[in-house]
Amino acid sequence: MSLDSEQIARRLDDVLTQAPVVPVLAIDRIDQAGPLARALVDAGLPVLEVTLRTPVALDAIRRIRIEVPAAVVGAGTVLTPADLAAVDAAGAAFAIAPGATPALYAAAQTSAIPFLPGIATASELMTGLEQGYTRFKFFPAESAGGVGALRGFAGPFPQVKFCPTGGIDAARAPAYLALKNVITVGGSWMVPTDALAAGDWDRIGALAREAAALRPPR
Ligand SMILES: O=C(O)C(=O)C[C@H](O)[C@H](O)COP(=O)(O)O
């Protein structure tokens, strides 16, 4: 399969436009997966990024697909072609990387799964453009220049849109969401570590509802 630039953008937009905020999840215990996903989806955040940072991540993706069919569950921290193949096999709806490499771009060309590469600089963005990509994760957003950097990218790269992630919270998210070149914002702030460990789905649900209300989906 070889996709052109428009097809790549459309496949990613189909996913990323479904919610103003994408929760970035590090799931430690498999029994957390279903209830956590349900709390987030019920609160209005259907698009979920399960990071491959924990041993149960792939199982968590499978579990969420079965237990919470309304979730659009994808994978984060996809670092290698092997990771991309593994998340595809687990049935992830999309794959997100904090950066990108020639090997990952090559693997994504032959993978059925929509792939969102990460960039932090104009040169990395231009490498992605050469690969046919116009949608990127901007990571780590706050320390790589934040809202100002994205305003700057809008000049030379008007066709490019972003999912900024990294250091964003409920207070910072609205400034990103107000930018024309931001489709959605990623972050973990609605899943505080102590609330997840305690299974406090009410608190997570309340934070997620606030996040979902930040902007109607685009
Ligand atoms: O694991 C990955 O693939 C990443 O790219 C990193 C995450 O997206 C950020 O760590 C989330 O950022 P916080 O909202 O600051 O927790």
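Remember, predicted model here, so these are calculated numbers, not experimental data.

Another point: the side chain of Ser111. Mapping Ser111 onto the fold places it in the loop between α5 (102–109) and β5 (115–116). Within polar-contact distance, the side chain of Ser111 engages the backbone nitrogen of Ile113 at 3.2 Å.

Interaxial distance between helix α2 (residues 30–42) and helix α10 (residues 201–212) falls to 8 Å at its minimum, and their mutual angle equals 35°. Crossing of α2 against α10: the hand is right-handed. Between α2, through Gln32, Pro35, Leu36, Ala39 and Leu40, and α10, the contact on the second element is made entirely by Trp201, Ile204, Gly205 and Ala208. Looking at the contact of α2 with α10 residue by residue, the classes come out as seven nonpolar, two polar and no charged.

What follows is about the layout of surface pockets. Empty space within the largest pocket amounts to approximately 370 Å³. In terms of lining, the largest pocket is formed by 22 residues, of which the most central are Val24, Leu25, Thr51, Arg53 and Ser188. Elements represented by at least two residues in the lining of the largest pocket include exactly β1 (21–25), β2 (47–51), β9 (185–187) and α9 (193–198). Here the residues of the lining of the largest pocket sort into nine nonpolar, nine polar and four charged.

Cut-offs applied
- Residues numbered from 1 in each chain as written.
- Predicted model: local features only at pLDDT ≥ 70, side-chain atom pairs only at ≥ 80, totals over all residues.
- Heavy atoms only, no water.
- Helix = DSSP H or I, 4+ residues; strand = E, 2+ residues; numbered from the N terminus.
- Polar contact = N/O pair within 3.5 Å; in protein donor to acceptor, adjacent residues only side chain to side chain.
- Axes fitted to C-alpha atoms, helices over the stretch in contact; angles between N-to-C directions.
- Left-handed = near helix turned anticlockwise from the far one by under 90°.
- Contact = heavy atoms within 4.5 Å.
- Nonpolar A, V, L, I, M, F, W, Y, C, P; charged D, E, K, R; others polar.
- 1 Å grid on protein atoms, 1.4 Å probe; cavity = no way out; pocket = protein on both sides within 12 Å on 5 of 7 lines; lining within 4 Å.
- Points joined across faces, edges and corners; volume = space filled by probe spheres on them.

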